[in-house]
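Each chain, letter by letter, is given below.
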Amino acid sequence: MEIKDQTKLSFLGVDITDLQFHSQRPRGKQMEIRTNFSPIAILSPNHKNVFSIVLDCELESKNYFVLSFKALGRFIASNDIDEKSKKAFINSNAVAIMFPYIRSFIATFTSNIGNSTGTLNIPTQFFKGSLPIIDPSKKQ
């Protein structure tokens, strides 16, 4: 029986970019908060085993506040991986790996801005389906 090396996925961290926060008034007792998380994958044009996830994040409570930002998660596989395995990593693992960092950022940020929102502890999100994938090496 042949033993094959398993590809290892390394998470290189999350960078928060394009942060915008607008508050109209201090929080209400019963704020309904709408969340929207839109991930896309970007493949490296130079390295087959490197990819990034860009997660557009928006939290809004009508008449109270809007928080929006982009989160960039970077990943690398231990060796060159085939397209099928790469797509499986992207669609089932990558966003799930970076999302706890997003939740932590939101909680920390909102705990430090006074009474605009109070500390927001958003629930775990489940991402289903295939992510849009941008491959700069191919014409779109």
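Let me sum up the structure you'll find in this document. For clarity, every value in this text was computed on a predicted model and none was experimentally measured. (Residues numbered from 1 in each chain as written. Predicted model: local features only at pLDDT ≥ 70, side-chain atom pairs only at ≥ 80, totals over all residues. Heavy atoms only, no water.)

Some words on unusual backbone geometry
Consideration 1: Positive phi values are uncommon outside glycine, yet Asp18 reaches one of about 55°.
Consideration 2: Within the secondary structure, Asp18 sits in strand E1 (residues 9–23).
Consideration 3: For Asp18, a relative accessible area of 51% corresponds to the exposed category.
Consideration 4: Although it is not a glycine, Asn63 sits at a positive phi angle of roughly 70°. (Helix = DSSP H or I, 4+ residues; strand = E, 2+ residues; numbered from the N terminus. Buried < 20%, exposed > 50% of the residue type's maximum accessible area, 1.4 Å probe, protein only.)

As for the nonpolar core
Consideration 1: Phe37, Phe51, Ile53, Leu55, Ile102 and Ile106 are the most contacted members of the largest nonpolar core, which totals 29 residues.
Consideration 2: Per element, the largest residue contribution to this core is 9 residues, and it comes from helix H1 (residues 83–111).
Consideration 3: Excluding residues that lie within four positions of it along the chain, Ile106 makes contacts with Phe37, Leu59, Phe69, Leu120 and Ile122. (Core = buried A, V, L, I, M, F, W, Y, C linked by side-chain atoms within 4.5 Å. Contact = heavy atoms within 4.5 Å.)

Comments concerning H1
Consideration 1: The end-to-end C-alpha distance of H1, which contains 29 residues, comes to 41 Å, matching closely the 42 Å that a straight helix rising 1.5 Å per residue would cover.
Consideration 2: Roughly 40° is the biggest bend found in H1, and it falls at Asn93.
Consideration 3: Among the residues of H1, Lys86, Phe89, Ile90, Ala94, Val95, Met98, Phe99, Ile102, Ile106, Ala107, Phe109 and Thr110 are the ones counted as buried.
Consideration 4: Residues of H1 that are buried sit in contact with E1, strand E2 (34–43), strand E3 (50–61), strand E4 (65–77) and strand E5 (133–134). (Expected span 1.5 Å × (residues − 1). Bend = angle between axes of the 7 residues up to and from the residue.)

Notes on the pairing of E3
Consideration 1: Pairing geometry for E2 and E3, over 10 bridges, is antiparallel. Bridge pairing in E3 places Ile40 opposite Val54.
Consideration 2: Hairpin connection from E2 to E3: 6 residues lie between these consecutive antiparallel strands.
Consideration 3: Pairing of E3 with E4 involves 12 bridges; the strand directions are antiparallel. Across the sheet, Asp56 pairs through a bridge with Lys70, a residue of E4. (Pairing = 2+ DSSP bridges.)

Considering the pattern of salt bridges
Consideration 1: One pass over the structure, following the stated rule, counts 4 salt bridges.
Consideration 2: Arg74 serves as the salt-bridge partner of Asp15, at 3.5 Å between the closest nitrogen and oxygen. In this pair, Asp15 sits in strand E1 while Arg74 sits in strand E4, placing the two residues 59 residues apart along the sequence.
Consideration 3: Take Asp15: its relative accessible area is 35%, and that puts it in the partly exposed class.
Consideration 4: Judged by its relative accessible area of 31%, Arg74 is partly exposed. (Salt bridge = Lys/Arg side-chain N within 4 Å of Asp/Glu carboxyl O.)

Things to note about the side chain of Ser116
Consideration 1: Following the sequence through the fold, Ser116 ends up in the loop between H1 and E5.
Consideration 2: In this structure the side chain of Ser116 is engaged in a polar contact, spanning 3.4 Å, whose partner is the side chain of Ser23. (Polar contact = N/O pair within 3.5 Å; in protein donor to acceptor, adjacent residues only side chain to side chain.)

Section: the sheet that holds E3
Consideration 1: Taken together, the 5 strands give an open sheet; going across it, the order is E1-E4-E3-E2-E5, and neighbouring strands pair in mixed fashion. If you trace the sheet from one side to the other, it starts and ends with E1 and E5, each paired once.
Consideration 2: Here E1 pairs with E4 via 12 bridges, running antiparallel. Of the residues in E4, the one forming a bridge with Gln20 is Ser68.
Consideration 3: In the packing of H1 onto the sheet, contacts are made with E1, E2, E3, E4 and E5, and the angle to E1 comes to roughly 45°. (Axes fitted to C-alpha atoms, helices over the stretch in contact; angles between N-to-C directions.)

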